Amino acid sequence: MSVLNSESAADRVDTTKPHPARRYDYWLGGKDNFPADRESADAVAEAFPTVQLSAVENRNFLRRTVAYLTGEAGIRQFLDIGTGLPTAGNVHEIAQGIAPESRIVYVDNDPIVLMHARDLLNSSPEGRTAYLDADLRDPQHILTHPDLLATIDLSKPVALMVVAVAHFMTDELRPYELLRQLTDALAPGSYLVMSHATNDYLDEYDLARSAEANARSGVPFQLRSSAEFAKFFDGFTLIPPGITAVTLWRPEEYRPHPRPEAVSVLGAVGRIP
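Residue numbers here run from 1 along each chain, matching the order of that chain's written sequence. Given that the model is predicted, a residue must reach a pLDDT of at least 70 before its local features are reported, and side-chain atom pairs must reach 80 or more before they are shown or counted; all residues, however, enter totals for whole chains, interfaces and linings. Side-chain descriptors were evaluated using all non-hydrogen atoms of the structure, hydrogens and water having been removed beforehand.

All right, on to the overall build of the protein then. Working definition: helices are DSSP H or I runs of at least four residues, strands are E runs of at least two. Numbering for both runs from the N terminus. When you go through the protein residue by residue, the secondary structure sums to 12 helices and eight strands. Here the C-alpha radius of gyration of the protein, 18 Å, is about what a compact globule of 273 residues would show, namely 19 Å. Taking the principal axes of its C-alpha atoms as reference, the protein extends roughly 50 × 45 × 35 Å. Three labels apply to residues, based on accessible area from a 1.4 Å probe with only protein chains included: buried if under 20% of the type maximum, exposed if over 50%, partly exposed otherwise in between. In the protein, which comprises 273 residues, the proportion classed as buried is 52%. Between the two quantities, the radius of gyration covers C-alpha atoms and the globule rule is 2.2 Å times the number of residues to the power 0.38.

Right, let's get into the packing of aromatic side chains. Aromatic rings from Phe, Tyr and Trp, with only the six-membered ring used for Trp, were paired whenever their centres fell within 6.5 Å, and each pair was classed as stacked if the ring planes differed by under 30 degrees, edge-to-face if by over 60, and tilted otherwise. Counted according to the given criterion, the structure contains six aromatic pairs. Note on Phe 168 and Phe 221: the rings are 5.5 Å apart at their centroids and 70 degrees apart in plane angle, and the pair reads as edge-to-face. In this pair, Phe 168 sits in the loop between β4 (159-163) and α9 (175-184) while Phe 221 sits in the loop between α10 (204-217) and α11 (226-230), placing the two residues 53 residues apart along the sequence. Following the ring pairs from residue to residue traces out a cluster consisting of Tyr 176, Phe 229, Phe 232 and Phe 233. The aromatic ring of Tyr 176 is capped on one face by Lys 231, whose charged end is 4.4 Å from the ring centroid. Definition used: whenever NZ (Lys) or CZ (Arg) falls within 6 Å of the ring centre and also within 35 degrees of the ring normal, the charge is taken to sit over that ring.

Looking now at the nonpolar core. Burial of nonpolar side chains together is a common tendency in soluble globular proteins. Counting 33 residues, the largest nonpolar core has Val 66, Leu 69, Phe 78, Tyr 131 and Met 161 as its most contacted members. Here this core gets five residues from one element, more than from any other, and that element is helix α4 (residues 51-71). Think of a nonpolar core as a cluster: buried Ala, Val, Leu, Ile, Met, Phe, Trp, Tyr and Cys residues, connected wherever their side-chain atoms sit within 4.5 Å. Counting 32 residues, the second largest nonpolar core, distinct from the first, contains Leu 79, Ala 134, Leu 136 and Ile 142.

In terms of burial, strand β8 (residues 265-271) is a largely internal element, six of the seven residues being buried. We call two strands paired when DSSP finds no fewer than two bridges between them. Note: strand β5 (residues 191-197) against β8, seven bridges, orientation antiparallel. Bridge pairing in β8 links Val 193 to Val 269. Bridging between strand β7 (residues 244-245) and β8 involves two bridges; their strand directions are antiparallel. By the bridge assignment for β8, Thr 244 is matched with Gly 267.

In this section: the side chain of Gln 77. Here Gln 77 shows up in strand β1 (residues 77-81). Side-chain atoms alone can form a polar contact between residues adjacent in sequence; in general such a contact is a pair of N or O atoms within 3.5 Å, and within protein one must be able to donate a hydrogen while the other accepts it. Reaching out from Gln 77, the side chain makes a polar contact with the backbone nitrogen of Asp 153 at a distance of 2.6 Å. Only 3.5 Å separates the side chain of Gln 77 from the backbone oxygen of Lys 156, close enough to count as a polar contact. A contact between two residues is defined here by any heavy atoms of the two lying within 4.5 Å. Setting aside residues up to four positions removed in sequence, Gln 77 forms contacts with Arg 103, Thr 151, Ile 152, Asp 153, Lys 156, Pro 157, Val 158 and Ala 159.

Looking only at α9, the buried set comprises Pro 175, Leu 178, Leu 179, Leu 182 and Thr 183. One face of α9 carries all of its buried residues, which in axial projection span an arc of 135 degrees. Contacts made by the buried residues of α9 are with β1, α7 (139-143), β4 and β5. To obtain the arc, one takes the directions from the helix axis to the C-beta atoms.

Its place among the elements puts Leu 114 in helix α6 (residues 111-115). Judged by relative accessible area, which is 6%, Leu 114 ranks as buried. In this structure the C-alpha to C-alpha distance between Leu 114 and Leu 178, which are 64 residues apart in sequence, comes to 23 Å.

The next thing to look at is unusual backbone geometry. With an omega dihedral of 15 degrees, the bond running from Pro 240 to Pro 241 counts as a cis peptide bond. Here Pro 241 is to be found in the loop between β6 (237-238) and β7.

This part is about the packing of α4 against helix α5 (residues 91-98). Convention adopted: a line fitted to C-alpha atoms gives each axis, helices being fitted over their contacting stretch, and angles between N-to-C directions are expressed from 0 to 180 degrees. Where α4 meets α5, the axes come as close as 9 Å, and the angle between the chain directions of the two elements is 30 degrees. Read as a crossing pair, α4 and α5 show a hand that is right-handed. Here Leu 62, Arg 63, Val 66, Ala 67, Thr 70 and Gly 71 of α4 lie close against α5, whose contacting residues are Val 91, Ile 94, Ala 95 and Ile 98. Classifying every residue of the contact of α4 with α5 by side-chain character gives seven nonpolar, two polar and one charged. Throughout, a crossing is termed right-handed when the near helix is turned clockwise from the far one, and left-handed when it is turned anticlockwise from it by less than a right angle. Nonpolar residues are Ala, Val, Leu, Ile, Met, Phe, Trp, Tyr, Cys and Pro. Charged residues are Asp, Glu, Lys and Arg, and all others, Gly as well, are polar.

Nothing here speaks to function; it is geometry throughout.
Okay, structure coming up:
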């Protein structure tokens, strides 16, 4: 278990600027958010009123992918980047509920997530969890962090979870290159799990409204098409059903699903050769 310095984290909290993790918490009905986060979230909702539904369905996608990887693919190590605030159904709870020996490393750059990270460290006795106060924009810091190396073995398969994160990385941040640095460091038989907001279902009017709302929200954001999303998986074997709406990725049972355009989030799982 990592030693967490919550006092230092509290000193770094800036409640005047919105943060994706706290905004997501607001959409999921959480309480660890501030007026700036809620104002930003509401600005997005003006242009995309079903954004809260997107957040819920994205979380359901994460839960199903972790259950698949643990229960069917035999994965016992997870690296979850962009963890967000603890909520029901965290990765270690799902994985260790199936395989108690599973090991999970969480990564986020929001000091408020760090303040709550003890909730992510209640591992089963057989397994282990760790939390890194780190950023996807610095892959080498993540990959060489002592807490990561003490928790998971990079010579064995790992599931890299980058769920609802890459759309906060605009092209100038080189998201494809950064993700490839991470996947190149993983053993053969590892997996990449991603979800990403998409413009596939938006017409020109909706695209313009979305761009204006995202600019007003104060959080950098970039929608990508299914073709652009697929580039993250170049060279990997996509697990059926491939790249699809998150609601349609291996639904557990029949239930009324929202239309893909109401969620506008793509998801996929790729096996790394």
